[in-house]
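Reading the structure
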Amino acid sequence: MSSVTRMAHSKLPTPWGTFTLIGFEEKGTGKDHAALVMGAIDDDLPVLGRIHSECLTGDALFSLRCDCGFQLQAAMENIANEGRGILLYVRQEGRGIGLLNKIQAYNLQDQGKDTVEANVELGFDADMRDYTICADMLRELGVKQMRLMTNNPRKVAAMTEFGIDVVERVPLKEGRNPFNEHYLDTKAGKLGHMFKDE
Ligand SMILES: Nc1nc2c(ncn2[C@@H]2O[C@H](COP(=O)(O)OP(=O)(O)OP(=O)(O)O)[C@@H](O)[C@H]2O)c(=O)[nH]1
Ligand SMILES: [Zn+2]
């Protein structure tokens, strides 16, 4: 049984083109999630896609602590350039620990901890995300094969495990700056993100 219910849709004009915005409700938690779709994505051909975990600070508040806002914009641009694709905007703020805990984690990082050490000090795993809902949203929208824009091999493995065929990983290296250099290096060193050219 699917873990999400499709609830509503509308057009969403953006600087890069007009997407269809589809709202889902997660059964069990009642959390809402969104998909931005462009073009026909249910024709069994590989779809350019992004699974974007919510980052209020980076996506909406222009934070330079991370690369999220830059990745979000680049992913939407890439989809618009192809005229076809999907971006899942998943409400997994702070890798699943929520906004308030993430702010506490940032405070610990201001005192010298890295992103993983801060999570652990707060009593959380380094990454608490569960990608079941992502696979279910993709299935509801008819996506079977993806070219996934990510630097995170765990996302590729999770999608594969949940039955979505990732035919290609498309790197999304955007927005490196002096404020997020250490953060990006920690992700590469401790969480397996791939930033080097393969
Ligand atoms: N707990 C915690 N979460 C963070 C921190 N910085 C960013 N995040 C969250 O991390 C999530 C994004 O994950 P990332 O590790 O940046 O990247 P990813 O999604 O694993 O990989 P990509 O697909 O390559 O972007 C968002 O939900 C952010 O809110 C932090 O220092 N601590
Ligand atoms: Zn971020």
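The model shown is predicted, which means the values in this text are computed figures rather than measured ones.

Some details on the sheet that holds strand β5 (residues 85–90)
Overall, mixed pairing links the seven strands, which are arranged β1-β2-β3-β5-β4-β6-β7 in an open sheet. Lying at the two open borders of the sheet, with one neighbouring strand each, are β1 (4–14) and β7 (165–170). Direction aside, the axes of adjacent strands within the sheet are offset by 25° on average. Relative to strand β2 (residues 17–26), β1 is paired through ten bridges, and the arrangement is antiparallel. By the bridge assignment, His9 is partnered in β2 with Ile22. Set on the sheet, helix α5 (residues 132–140) makes contact with β1, β2, β3 (32–38), β4 (47–53), β5 and β6 (145–149); between it and β5 the angle comes to about 145°. In the packing of helix α6 (residues 153–161) onto the sheet, the strands contacted are β4, β6 and β7, and the crossing angle to β7 comes to about 165°.

Some points on the side chain of Asn151
With respect to the helices and strands, the residue Asn151 is situated in the loop between β6 and α6. Residue class for Asn151 comes out buried when judged on its relative accessible area of 2%. Apart from residues no more than four positions distant in its own chain, Asn151 is found in contact with Gln71, Arg169, Pro171, Leu172, Lys173, Gly192, His193, Met194 and Phe195.

A look at the layout of surface pockets
One simple way to see leftover space: roll a probe sized like a water molecule over the atoms. Here the largest pocket defines a volume of roughly 410 Å³. Those elements giving two or more residues to the lining of the largest pocket turn out to be β1, β3, α1 (56–60), α2 (68–82) and β5. Each residue belonging to the lining of the largest pocket can be placed in one class, and the counts come to 13 nonpolar, five polar and one charged.

Here we look at the packing of aromatic side chains
This structure, assessed with the given rule, holds zero aromatic pairs. We note Arg65 situated over the ring of Tyr106; from NZ or CZ to the ring centre the distance is 4.1 Å.

Some thoughts on the site of ligand 1
Among the 24 residues in the neighbourhood of ligand 1, the closest are listed as Arg50, Glu54, Thr150, Lys155 and Lys187. Between ligand 1 and Gly94, the relevant distance is 3.0 Å, taken from an oxygen atom to a main-chain nitrogen or oxygen of the residue. Computed on the free molecule, ligand 1 has an accessible area of 650 Å², of which 100% lies beneath the protein chains in the complex. Here ligand 1 occupies the largest cavity. The leading source of residues in the shell around ligand 1 is helix α3 (residues 99–110), at three residues. Residues that form the shell around ligand 1 fall into these classes: four nonpolar, eleven polar and nine charged.

Quick notes on empty space enclosed by the protein
Taken as a whole and assessed by the stated rule, the structure comprises one cavity of 30 Å³ or more. Taken as a whole, the largest cavity spans an internal volume of roughly 380 Å³. Along the walls of the largest cavity sit 29 residues, with Cys68, Arg95, Arg129, Tyr183 and Lys187 positioned nearest its centre. For the lining of the largest cavity, the secondary-structure elements that each account for two or more residues are β4, α2, α3, α4 (115–121) and α7 (181–191). Counting residues per element, the lining of the largest cavity draws most heavily on α3, which supplies four residues. Broken down by class, the residue content of the lining of the largest cavity amounts to eight nonpolar, twelve polar and nine charged.

Re the side chain of Arg129
Counting through the fold element by element, Arg129 comes out in the loop between α4 and α5. Judged by its relative accessible area of 16%, Arg129 is buried. In this structure the side chain of Arg129 is engaged in a polar contact, spanning 2.8 Å, whose partner is the side chain of Ser53. Reaching out from Arg129, the side chain makes a polar contact with the side chain of Asp127 at a distance of 2.8 Å.

Reading the values: the criteria
Residues numbered from 1 in each chain as written. Chains lettered and ligands numbered in written order. Predicted model: local features only at pLDDT ≥ 70, side-chain atom pairs only at ≥ 80, totals over all residues. Heavy atoms only, no water. Pairing = 2+ DSSP bridges. Helix = DSSP H or I, 4+ residues; strand = E, 2+ residues; numbered from the N terminus. Axes fitted to C-alpha atoms, helices over the stretch in contact; angles between N-to-C directions. Contact = heavy atoms within 4.5 Å. Buried < 20%, exposed > 50% of the residue type's maximum accessible area, 1.4 Å probe, protein only. 1 Å grid on protein atoms, 1.4 Å probe; cavity = no way out; pocket = protein on both sides within 12 Å on 5 of 7 lines; lining within 4 Å. Points joined across faces, edges and corners; volume = space filled by probe spheres on them. Nonpolar A, V, L, I, M, F, W, Y, C, P; charged D, E, K, R; others polar. Phe/Tyr/Trp six-rings, centres within 6.5 Å; stacked < 30°, edge-to-face > 60°. Lys NZ or Arg CZ within 6 Å of the ring centre and 35° of its normal. Near = heavy atom within 4 Å. Polar contact = N/O pair within 3.5 Å; in protein donor to acceptor, adjacent residues only side chain to side chain. Areas by Shrake-Rupley, 256 points an atom, 1.4 Å probe, with all protein chains shown as cover. Sits in = over half its atoms within 2 Å of the grid points.

Any functional reading would require information beyond the geometric quantities listed.
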